[in-house]
Amino acid sequence: MIEMEEVELPPGVEAIRLPEQKAFDGLPFPLVLSPLAGEFQTKDGAYWQEWVVSNRSLLDALLLRFGAIVFRGFNVDTSTHFDLFCKSFGYSPFRYLGGAAVRVKVVGNVLTANESPPDAIIPFHHEMAHVNEYPTILFFYCDVAPEVGGETPLALAHVVYRKMAEKEPELVRRLAAEGLCYVRVAPDGDDPSSPLGRGWQSTFLTQDRTEAEVNARASGYDFEWMPDGSMKTKTRSVPAIRVDRRTGKAMFFNSIHACYIGWQDSRNDRTKAVVFPNGDTMSPDVVNTLEDVMSDVSVAVKWRRGDVILVDNRQVQHARRSFVPPRRILASLYKDDQGQI
Ligand code: FE2
């Protein structure tokens, strides 16, 4: 284990330990920063925004090294403060287009994290991993802490890759060689009762079938019209293992877990939602192995009001546990200048 004293941190903060943390490659995950005892604990939100601006390159280096940083005790009291805290990093706001989740704008670049019902589990994913353009930086903020459940578990995708390569070498070889295709039947008009109920009209930004076909092809989808007016879409092959060129680490960067567990409704069969390019489905054994690996390597930090978590979406997958209301977690999505992997 690397002694945290050896890791350079910005002034005024320390790395604290939480019982939920795990360690990988000798580093705690995630990194949890908190103001030093004494004067720093009374500094207000504006102080910490300045602090981010002054220490931006060191914070970027810590994010690259640790994958995710929890900021606890930084007096981020409101959604507006959260917006300003995020903006002090100087990243470019990401426009949430083409994602499947229902989100509501709160203020500035801040959205509700996900509007799906409290009893729904959101399985592990990289945000928008199967869309051409995805946010590289995610911030989450705890406005109202849940009493029971509602954690946002995190997992290092290179650790998932390593474990899966050990346990399912043939699968990982095939994922790297062939990629994956994602299949979804989009209804004729939005269906708010389904977590994947975004209709073909809003998916392809038109009311016109011919134009939807043109847009679908241009976005990398093959499609088929169904008798009930819904549109079955299938992505062309999307890479399922990606190497982060900043670190040389291979990432298990795909939506097998999310699709196989979550993509189920009256139109969609989750077991056929993620397939190899020749149409082969995942074997249930493989998905069970993945489930075991995810629970083994993921970390669920218990939310406290005012917590901010900064996530490198290239390196880290996230999920959401079910909860008993109230709970209000907000999100803010960005792109940094280091690019996608
Ligand atoms: Fe997400």
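All figures in this text were calculated on a predicted structure; none of them were measured in a lab. (Residues numbered from 1 in each chain as written. Predicted model: local features only at pLDDT ≥ 70, side-chain atom pairs only at ≥ 80, totals over all residues. Heavy atoms only, no water.)

1. Section: the coordination of the iron ion
Just so we agree on the cut-off: Because water is not among the atoms used, a metal site may look incomplete, as its donors are only the N, O and S atoms within 2.8 Å, or 3.2 Å for Na, K and Ca. Numbering of helices and strands runs from the N terminus; a helix is a DSSP stretch of H or I covering at least four residues, while a strand is a stretch of E covering at least two. Only protein chains enter the area calculation, which uses a 1.4 Å probe; residues under 20% of their type maximum are buried, those over 50% are exposed, and those in between are partly exposed.
Every protein donor of the iron ion is listed here as His 125 (NE2), Glu 127 (OE) and His 318 (NE2), and their distances to the metal cover 2.1 to 2.2 Å. Along the chain, the residues donating to the iron ion fall in the pattern H-x1-E-x190-H. In this pair, His 125 is assigned in strand 9 (residues 122-125) and His 318 in strand 20 (residues 316-320), connecting sequence segments 193 residues apart. As far as burial versus exposure is concerned, His 125 and His 318 are alike and both buried.

2. Examining the environment of Asp 44
What counts here: Nitrogen and oxygen atoms within 3.5 Å of one another constitute a polar contact, given that in protein one can donate a hydrogen and the other can accept it, and given that sequence-neighbouring residues count only through two side-chain atoms.
Tracing the backbone through its elements, the reader meets Asp 44 in the loop between strand 4 (31-35) and helix 1 (45-54). Look at Asp 44 and you get partly exposed, because its relative accessible area is 47%. It is 8.1 Å that separates the C-alpha atoms of Asp 44 and Val 76, two residues lying 32 residues apart in sequence. In terms of polar contacts, Asp 44 uses its side chain to reach the backbone amide nitrogen of Tyr 47, at 3.0 Å.

3. Description of the pairing of strand 19 (residues 308-312)
For a regular strand, side chains alternate in direction, first toward one face of the sheet and then toward the other. Heads up, the rule is: Strands are treated as partners if at least two bridges between them are detected by DSSP.
Judged by how many residues are buried, strand 19 sits mostly within the fold: five of five residues are covered. Across the two faces of strand 19 the burial is the same, with Val 308, Leu 310 and Asp 312 and Ile 309 and Val 311 all buried. Sheet topology places strand 5 (residues 68-71) next to strand 19; four bridges connect them, and they run antiparallel. Counted as the bridge partner of Phe 71 is Val 308 from strand 19. Sheet topology note: the strand 10 (residues 137-144)/strand 19 ladder contains five bridges and is antiparallel. Note on strand 19: the bridge partner recorded for Leu 138 is Val 311.

4. Section: unusual backbone geometry
Note: most peptide bonds trans; most residues except glycine with negative phi. With an omega dihedral of -10°, the bond running from Phe 29 to Pro 30 counts as a cis peptide bond. Structurally, Pro 30 can be placed in the loop between strand 3 (27-29) and strand 4. In this structure, the amide linkage connecting Pro 325 to the following residue, Pro 326, adopts the cis form with an omega of 5°. Relative to the helices and strands, Pro 326 resides in the loop between strand 21 (323-324) and strand 22 (328-335). Backbone geometry places Asn 75, a non-glycine residue, at a positive phi of 55°. With respect to the helices and strands, the residue Asn 75 is situated in the loop between strand 5 and helix 3 (79-87). A positive phi is found at Leu 205, a non-glycine position, where the angle reads about 55°.

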